[in-house]
Amino acid sequence: MSEHTLLQSIGRRTFLGALLAPTALAFGDWKEFRGDGSSVPGSDERLPQEWSDQTNISWNVATPGYGQSSPVIFDHRVFVTCVEGVRKDTLILSAFALSNGKELWTHRAAPAQAIRDSDMISKAAPTPAADRSGVYAFFETGNLAALDHQGQVRWERRLTDEFGKFGGRHGIGSSLRLCQSGVMALVAHDGPSYLICVDRRTGETVWKTDRRSDVSWTTPALASHDGRELALVSVGNRVEAYDTREGALIWTLGGFERALVASPTPIPGGAIIGSSQKGWTGAIRFGDRSRSIPEIVWRASEASSNFNSPLVHRSRVYMVNRVGVAFCLDLETGQEIWHQRLKGPCWASTIGIGDFIYFFGVDGVVEVFRAADMPVKIAENRLSAQSRLYGVAVENGRLVLRFGRRLACIRQSRPAEQSS
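Heads up: these notes are all about the structure in this document. As the structure is a computational prediction, the values presented were derived from the model and not from experiment.

Brief notes about the overall build of the protein chain
For the protein chain, the count of helices and strands is four helices and 32 strands. Projected onto its principal axes, the C-alpha coordinates of the protein chain cover approximately 60 × 55 × 35 Å. Out of the 420 residues belonging to the protein chain, those deemed buried represent 60%. Summarising the internal contacts of the protein chain: among those between residues at least 6 apart in sequence, 54% fall at separations of at least 24. Of the side-chain charges in the protein chain, 48 are positive and 44 negative, and the distance between the mean point of each set is 2 Å.

Have a look at this one:
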């Protein structure tokens, strides 16, 4: 029986109705990697489609170091991590004012594990997370810390001292995820691997689940199913689900390859799993009970998702492959609707907002397409003198772009500003 026939025969109408339900959450802060994990801001957001060094740019400032993490936003502050030094001698967490880009404070710390800096290993790749109590930062050196909104340390830990040094050729890249029980971090590398959740107030371990040694740079995604909050973890040839209350492994679903960079994208009743290898990106449907192993309901024949994670927006799935070809798929069936070569590959995850899809080229070119059943490009934007574009955040009509050593804020200029 084909997967499509299986989908028709088992709960098809209920599942597809859930798939086509709204996937964006209305929230006021982009406080974690990909906002709430979907890369879709609240429905009331509006962003410019065009900008330049002179138009629709609010501010453009240098960061205290180099970093590959995405910015996060909470309570009108932008938080970003960096590293400096030939062996990542200094770990940096900074806060900037969202309104004008003013640096509010910067915290520096020594690494728990010295790692020689190179272009082939992560540089402050894990994205921080923020809430009302402050901001949480994780580095590929094993440092995990919480600071308050004034930049004072609340607690800090050195995971490499506690559980063993991190291995692998390219470093650690998984970002933090806030869950009901605390702050989660995935450590998936050539050495002792685990998923850990620590208390937001104290930093103490709530639970730690050991995993087999394998390399993955994906970030856990949260899904609600059968009364449980699940953490979905994509690790190359399989997807794992953990109960965030106690860290128990609920199920493991095989049948994937190279699903180790793009993070899962939750949808009602399931998730999209991105793979960098053609033929392995697909949609999974959860079982009737939380402990039931899900099913793979479709696979994309040509589309793949390389560094950036799949975007689900208005019943369509968007992704970009290794060489910079963007794909638009039907969420229900996985059938390709269109594909279009972009100016180059994308490392930052694509976002969907209203009628528009934003693709963020690693070389700094941002291409804006209309959310339509054909590839209609609205604009192509680039700021001068920028390095690689690694991540983005959206809040209150502002788009914050994170380059290696700079942050830039895009917003619609007021008439008085345009004429001045």
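Looking at the environment of G247
One can find G247 in the loop between β16 (236–243) and β17 (249–259). With a relative accessible area of 2%, G247 lands in the buried category. On a C-alpha basis, the gap between G247 and I196 in space is 7.9 Å, while along the polypeptide they are 51 residues apart. For G247, the residues in contact, after removing those within four places along its chain, are W207, T209 and Y242.

Some thoughts on the sheet that holds strand β20 (residues 282–285)
Judged by pairing direction, the sheet is antiparallel, and its four strands sit side by side in the order β18-β19-β20-β21 without closing on themselves. Each edge of the open sheet carries a strand with a single partner, namely β18 (265–267) and β21 (295–299). Taken over all neighbouring pairs, the strand axes of this sheet differ in orientation by 25° on average, direction set aside. Inspection of the sheet shows β20 paired to β21 by four bridges, in the antiparallel sense. Paired with G282 across the two strands is R299, which belongs to β21.

Structural notes on the side chain of D214
Positionally, D214 belongs in the loop between β13 (205–211) and β14 (221–225). Side-chain polar atoms of D214 contact the side chain of R211, separated by 3.2 Å. Once you skip the residues sitting within four places of it in the chain, D214 turns out to touch A188, H189, S193, V235 and R238.

Details of the sheet that holds strand β1 (residues 57–62)
In space, the four strands of this open sheet follow the order β1-β32-β31-β30, with antiparallel pairing throughout. The open sheet has two edge strands, β1 and β30 (389–395), and neither has a second partner. Each strand axis lies, on average, 15° off the axis of its neighbour in the sheet, ignoring direction. Bridge analysis of β1 against strand β32 (residues 406–411) gives five bridges, and the strand direction is antiparallel. If you follow W59 over to β32, its bridge partner there is C409.

Some thoughts on unusual backbone geometry
A positive phi angle, near 50°, is found at K88, a position not held by glycine. Secondary-structure assignment places K88 in the loop between β3 (77–84) and β4 (90–97). Note on K88: relative accessible area 1%, which makes it buried. In this structure, N396 is a non-glycine residue whose phi angle is positive, near 55°. Among the structural elements, N396 can be located in the loop between β30 and β31 (398–403).

With respect to the pattern of salt bridges
For the structure on display, the rule yields 27 salt bridges. Between K278 and E302 there is a salt bridge whose closest N-O contact spans 3.4 Å. Placement of K278 in the loop between β19 (270–273) and β20 and of E302 in the loop between β21 and β22 (311–313) is noted, with a sequence separation of 24 residues between them. Taking the relative accessible area as the measure of exposure, E302 reaches 40% and is therefore partly exposed. A salt bridge links E295 to R285; its shortest N-O distance comes to 2.1 Å. On the criterion of sequence distance, the pair formed by E295 in strand β21 and R285 in strand β20 is long-range, its members being ten residues apart.

Parameters at a glance
Residues numbered from 1 in each chain as written. Predicted model: local features only at pLDDT ≥ 70, side-chain atom pairs only at ≥ 80, totals over all residues. Heavy atoms only, no water. Helix = DSSP H or I, 4+ residues; strand = E, 2+ residues; numbered from the N terminus. Buried < 20%, exposed > 50% of the residue type's maximum accessible area, 1.4 Å probe, protein only. Contact = heavy atoms within 4.5 Å. Lys, Arg positive; Asp, Glu negative; His and termini not counted. Charge placed at Lys NZ, Arg CZ, Asp CG, Glu CD. Pairing = 2+ DSSP bridges. Axes fitted to C-alpha atoms, helices over the stretch in contact; angles between N-to-C directions. Polar contact = N/O pair within 3.5 Å; in protein donor to acceptor, adjacent residues only side chain to side chain. Salt bridge = Lys/Arg side-chain N within 4 Å of Asp/Glu carboxyl O.

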